[in-house]
Amino acid sequence: MTTSGLGDVKLHLINSVEKANEFITWLGERRPYNAIAIDTETGELPGGKREDALSPWHGQLRLVQVGDGQTGWSIPWNEWSGVFYEAMDKFDGPIVCHNVAFEARWFEIQSRWQIPWHRAHDTMIMAHLIDPLGSGALKTLTSRYVDANAARMQQVLDDGMISNGWTWGTVPIDFQPYWAYGALDPVLTMRLWEMFWDKCGPGQPYANAYELEMNTRRIVTRMELNGARLDLDYSKKKYEELVSYTEQVKEWGKKNYNGLSITSNAQLVRAFESLGAEITQLTPSGQKSASADQLKLFMRDGTPEVQELASTVLKQRKADKLANTYFLNFINDNVNGFVHPSVKTLGARTGRMSIQNPALQTLPKGDDTVRRAFLPKDDNHVIVTSDLDQVEFRMFASLSQDPNLINLFNLADATGSDPFTEIGREIYQDPTMQKSDKRRSLIKGVVYGRLYGAGIAKQALTAGVPEDQMRAVSNEFDKRFPGMQMFQKRVEDAGMRRLQSTGQGYVNTWTGRRLPCDEDRVYTLVNYLIQGGAAEIFKANLIKLDQADLTDYLIVPVHDEIVLNAPRDQVEEFKQTVRECMTTRENWAVPLTADVDGPLENWGAKYV
């Protein structure tokens, strides 16, 4: 088959010995970079759930596709996988995927072949580095960079599947729009790679960032495959408790507030207004909103009855989320007692990671409820965790070059104190101030408010104090540590100049990664620089752990924390190695240190 709109691209289905031989001959031909692209089409098993089509533990591999910039081949897996094995056993050039982690998981679970990471490439990662605000979808990218009609074949396939009632698990392999759609994907992927290589290859602007991201992707994919062992008995018990609690709260709302449904925003708004509370938060459409921020305001400023209702609603929402986002998924989606989270190593424009199935990055900070469900992989191991110490603030302090702030950090490290406490002692002129002092939260509010671009009102809300009090602390902070404000201004001024000269404000991290801001939000560039830099530091630390041969012990990365299995009989030596790998001292006035906790019998024990 020859496509239109993409020149003389040829697409083939291997359905005979002649076609298989033709494919092997084609693979031996010379081509640019000696590179090929590989893709897969997957589906649910008979009688399975549709979402299983994306899970190598619950679904089935249906097609494997191979191609270069001119020719694509679809290989029905059940009938012709031997041809793929024969071809890959001989091929030694670069292998390109669009979302290499997806293909790697499927090949690892459902084949005897594995992605050769030392010569693997990922055009989705390349696309993010080149344009962090753009789409990562293959068809969208190729419609933009290759041919505006690249998505046409997908529409033909979608129409055919809808009209016949097919799913990704039941569409016939020999349905021409299906296998041709599949065969085109490696062709499109190779076209993108040939374009993106000029920016991400050796010596190019994004080479360092690309190397960091590919190494991170390899390590994190191994974590996904390893999985995390669960305490299923605890998960089932906790799910039942949380569901029972949410139902009791719903009945409490109906009984005490004239049939109120506390899960209804409109009814909550009316209930609060009937109690004399003023709703100040609005939805994007302009409707009054009983949002989390609004409820926090009520808890700070409301009457006792308003405070009670707000607190109860927040608790109910938390319980509902814990039950259904976490414990129910643990119960339904575990594989032999293990959960295999899906990690996006580029989950945000800044390069921070995000986690799905389950969404561990949204776990309440310091809460052990869900974390208690995570166990060591067997009785011979324990849990060890390592969390970067105030990494964003430490980076902020170093970059600010404020000598007073740097000295206070170094004092805290030398004495075993805490930087927020040391700063509080300086600002309040109170050498007796301790970490438990409530004033410490105001210092944290100022610091992280600056980092995240929050104003005084938001800082005060987060700290749970009046705005005047927060403003006074902020002003005192600027007097004693002027370097931070000066650094913020330098970054914003540079971003504004770039916006005016190039049409886009941006900052560059130390790997050369460009982080753009939205046109009217140049003030966010400080946050992007710090957050993006912290993400790169964390990823570099994962690579150090990998170089120390600890990859098979890694369980999951969450924010600035890595959770590991540790051999029970070597735990102290193990912890020392982890601490060394997770600490960065070179080129930073304030060392980027890490804490290590363990041994733990479950992850949540850290927070008890």
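Trainee: So what exactly am I meant to see when it comes to the nonpolar core here?
Mentor: Where a protein is soluble and globular, its nonpolar side chains tend to be buried together. Ranked by size, the top nonpolar core spans 92 residues in total, and within it Phe374, Phe393, Ile423, Leu545 and Ile562 carry the most contacts. By residue number, the principal contributor to this core is helix H20 (residues 525–547), which donates eleven residues. With residues near it in sequence (within four places) discarded, Ile423 still touches Phe393, Leu405, Leu408, Ile443, Phe477 and Phe481. Grouped together as the second largest cluster of nonpolar side chains are 39 residues, Leu11, Ala127, Phe196 and Tyr210 included.

Trainee: I keep staring at the pattern of salt bridges and nothing clicks. Help me out?
Mentor: When their charged atoms lie close together, side chains carrying opposite charge are able to pair. Under the definition given, this model contains 35 salt bridges. For Arg439, the salt bridge is made with Asp430, and the minimal N-O distance between the two is 2.7 Å. Looking at Arg439, the relative accessible area reads 24%, which means it is partly exposed. Under the relative-accessibility criterion, Asp430 is labelled buried at 17%. For the salt bridge of Arg568 with Glu601, the shortest nitrogen-to-oxygen distance reads 3.0 Å. Here the residue Arg568 occupies a position in the loop between strand S16 (561–567) and helix H21 (571–581), and Glu601 occupies one in the segment after strand S17 (594–600), the gap between them amounting to 33 residues. For Arg568, a relative accessible area of 38% translates into the label partly exposed.

Trainee: Before we go on, may I ask you to explain the sheet that holds strand S3 (residues 59–67) in this structure?
Mentor: Consider a sheet: its strands pair through backbone hydrogen bonds, and that pairing is either parallel or antiparallel. As summarised here, the arrangement of the six strands in space is S1-S4-S3-S2-S5-S6, forming an open sheet in which the pairing is mixed. In the strand order of this sheet, the two ends are held by strand S1 (10–13) and strand S6 (120–122), each with one partner. Strand after strand, the sheet turns through a mean of 25° between neighbouring axes, direction not considered. Judged from the four bridges that link them, S1 and strand S4 (residues 71–76) form a sheet pairing that is parallel.

Trainee: Would you explain unusual backbone geometry in this entry?
Mentor: Backbone phi values are negative for most residues with the exception of glycine, while trans is the configuration of most peptide bonds. Residue Pro358 follows Asn357 across a cis peptide bond; omega there is 5°. A cis geometry characterises the amide bond from Gly598 onward to Pro599, with omega recorded as 5°. Within the secondary structure, Pro599 sits in strand S17. Look at Tyr33: it is not a glycine, yet its phi comes out positive at around 65°.

Trainee: Can you walk me through the packing of aromatic side chains in this structure?
Mentor: Each aromatic ring pair is specified by the distance between its two centres and by the angle formed by the two planes. Taken as a whole, this structure holds 30 aromatic pairs when the rule is applied. Ring geometry for Phe330 versus Phe374: centroids 5.5 Å apart, planes at 90°, classification edge-to-face. One end of the pair, Phe330, is in helix H12 (residues 304–333); the other, Phe374, is in strand S11 (residues 374–375), with 44 residues separating them in the sequence. Each member of the pair Phe330 and Phe374 is classed as buried. Within the aromatic cluster, the residues linked to one another by ring pairs are Trp77, Phe84, Tyr85, Phe107 and Trp113.

What counts, and where the lines are drawn
Residues numbered from 1 in each chain as written. Predicted model: local features only at pLDDT ≥ 70, side-chain atom pairs only at ≥ 80, totals over all residues. Heavy atoms only, no water. Core = buried A, V, L, I, M, F, W, Y, C linked by side-chain atoms within 4.5 Å. Buried < 20%, exposed > 50% of the residue type's maximum accessible area, 1.4 Å probe, protein only. Helix = DSSP H or I, 4+ residues; strand = E, 2+ residues; numbered from the N terminus. Contact = heavy atoms within 4.5 Å. Salt bridge = Lys/Arg side-chain N within 4 Å of Asp/Glu carboxyl O. Pairing = 2+ DSSP bridges. Axes fitted to C-alpha atoms, helices over the stretch in contact; angles between N-to-C directions. Phe/Tyr/Trp six-rings, centres within 6.5 Å; stacked < 30°, edge-to-face > 60°.

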